[in-house]
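# Examining the three-dimensional arrangement
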Amino acid sequence: MREEPLSYAPFTTSDSFGPFGNLLLRLSRALALAGGLVFMGLVIMSLVSVVGRKLFSFAVPGDVEVLQMCAALALSTFFAYCHLIHGDIKVDFFTHKMAPHKVALLDCLGSLMVGLFGALIAWRTAAGALALKEVGETSAILSWPVWIPQALMVPGFVLLAVAGFYMSIHQLRLAVWRSL
């Protein structure tokens, strides 16, 4: 049985992923970092609003709307990176004594499901954003078009789908490699 060295450290850029996988990893990391910056901005905005309310009778107008819209957008940016570094939750109670190539086959199936789920969510999120644009729905306080933050979630879900499909192929290759 041949073993292939793998590294899933969060900041790794060269492992058995190959050129496309490493590009996907870098793109996913960059998107996740952008989402983290959005969350940092939301924390600062919330602090200004809460402290302003308590001390100066000032609040950021529409802070809850902005928080809801931007948090949903930022959350969508983390999923692909999490999947690529094996950060998603796995219950290995039943598989910890299985052969590595069998575990890799199960991981392949799981990643395929993640890819299909990402594609489905991307499709439905895009369809929902188009429907919201068509009806012209806006937020209650700021009157911001609601479709824009929803449409901005689509790239994160598309990247999740690509990461899932890529990892499915990657895990299948590992399963075959480990079974030799």
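Residues numbered from 1 in each chain as written. Predicted model: local features only at pLDDT ≥ 70, side-chain atom pairs only at ≥ 80, totals over all residues. Heavy atoms only, no water.

Before going further, it helps to examine the overall build of the chain. Across its full length, the chain carries five helices and zero strands. Mapped in sequence order, the helices and strands of the chain form the string α-α-α-α-α. Taken over C-alpha atoms, the radius of gyration comes to 20 Å for the chain, far larger than the 16 Å a tight globule of 180 residues would show. On the principal axes, the C-alpha backbone points of the chain span a range of 70 × 40 × 35 Å. Taking the intrachain contacts of the chain between residues at least 6 apart in sequence as the baseline, contacts between residues at least 24 apart amount to 74%. (Helix = DSSP H or I, 4+ residues; strand = E, 2+ residues; numbered from the N terminus. Rg over C-alpha atoms; globule rule 2.2 N^0.38 Å. Contact = heavy atoms within 4.5 Å.)

Take the side chain of Ser-76 next. By secondary structure assignment, the location of Ser-76 is in the loop between helix H2 (63-75) and helix H3 (79-84). Separated by 2.7 Å, the side chain of Ser-76 and the backbone oxygen of Leu-73 make a polar contact. Once residues within four sequence positions are removed from consideration, Ser-76 is found in contact with Met-153, Gly-156 and Phe-157. (Polar contact = N/O pair within 3.5 Å; in protein donor to acceptor, adjacent residues only side chain to side chain.)

Note on placement: Ser-168 falls in helix H5 (residues 147-179). In this structure the side chain of Ser-168 is engaged in a polar contact, spanning 3.1 Å, whose partner is the backbone oxygen of Cys-108. Leave out the neighbours within four places in its chain, and Ser-168 touches Cys-108, Ser-111 and Leu-112.

We now examine H2. Its 13 residues place the ends of H2 18 Å apart at the C-alpha level, agreeing with the 18 Å of an ideal helix rising 1.5 Å per residue. Taken as a whole, H2 has its buried residues at Asp-63, Glu-65, Val-66, Met-69, Ala-71, Leu-73 and Ala-74. (Expected span 1.5 Å × (residues − 1). Buried < 20%, exposed > 50% of the residue type's maximum accessible area, 1.4 Å probe, protein only.)

Attention shifts here to helix H4 (residues 100-135). Helix length check: H4, at 36 residues, gives a terminal C-alpha distance of 52 Å against a target of 52 Å (1.5 Å per residue), a fit within 8%. Within H4, burial applies to Ala-104, Cys-108, Ser-111, Gly-115, Gly-118, Ala-122, Thr-125, Gly-128, Ala-129 and Leu-132. Gly-136 lies just past H4 and shows a positive phi near 75°.

Right, let's talk about the nonpolar core for a bit. With 12 residues, the main nonpolar core is built from Phe-17, Leu-24, Leu-25, Ala-32, Ala-80, Tyr-81, Leu-84, Ile-85, Leu-159, Ala-163, Tyr-166 and Met-167. Mapped onto this core, the elements with two or more residues apiece are helix H1 (18-56), H3 and H5. Considering every element that reaches this core, the biggest residue donor is H5, with four residues. Leave out the neighbours within four places in its chain, and Leu-159 touches Leu-24, Leu-27, Ser-28, Leu-31 and Ala-80. Leu-42, Met-45, Val-66 and Ala-71 belong to the second-largest nonpolar core, a separate cluster that totals five residues. (Core = buried A, V, L, I, M, F, W, Y, C linked by side-chain atoms within 4.5 Å.)

Further remarks concern unusual backbone geometry. Phi is positive for Ser-57, which is not a glycine, with a value near 55°. Within the element layout of this structure, Ser-57 appears in the loop between H1 and H2.

Here we come to the packing of aromatic side chains. Any aromatic ring pair is given by two values, namely how distant the centres are and how the planes are angled relative to each other. Taken as a whole and judged by the stated rule, the model has four aromatic pairs. Between Phe-17 and Tyr-166, the aromatic rings sit 5.8 Å apart at their centres with planes inclined by 85°, giving edge-to-face as the arrangement. In this pair, Phe-17 sits in the segment before H1 while Tyr-166 sits in helix H5, placing the two residues 149 residues apart along the sequence. Each member of the pair, Phe-17 as well as Tyr-166, carries the same accessibility label: buried. Centre to centre, the rings of Phe-79 and Phe-157 are 6.2 Å apart; their planes meet at 15°, and the pair counts as stacked. With Phe-79 in helix H3 and Phe-157 in helix H5, the pair connects residues that are 78 residues apart, well separated along the chain. Over the aromatic face of Trp-123 sits the side chain of Arg-124, whose NZ or CZ is 4.8 Å from the ring centroid. Here the basic side chain of Lys-133 rests over the ring of Trp-147, its NZ or CZ set 4.8 Å away from the ring centre. (Phe/Tyr/Trp six-rings, centres within 6.5 Å; stacked < 30°, edge-to-face > 60°. Lys NZ or Arg CZ within 6 Å of the ring centre and 35° of its normal.)

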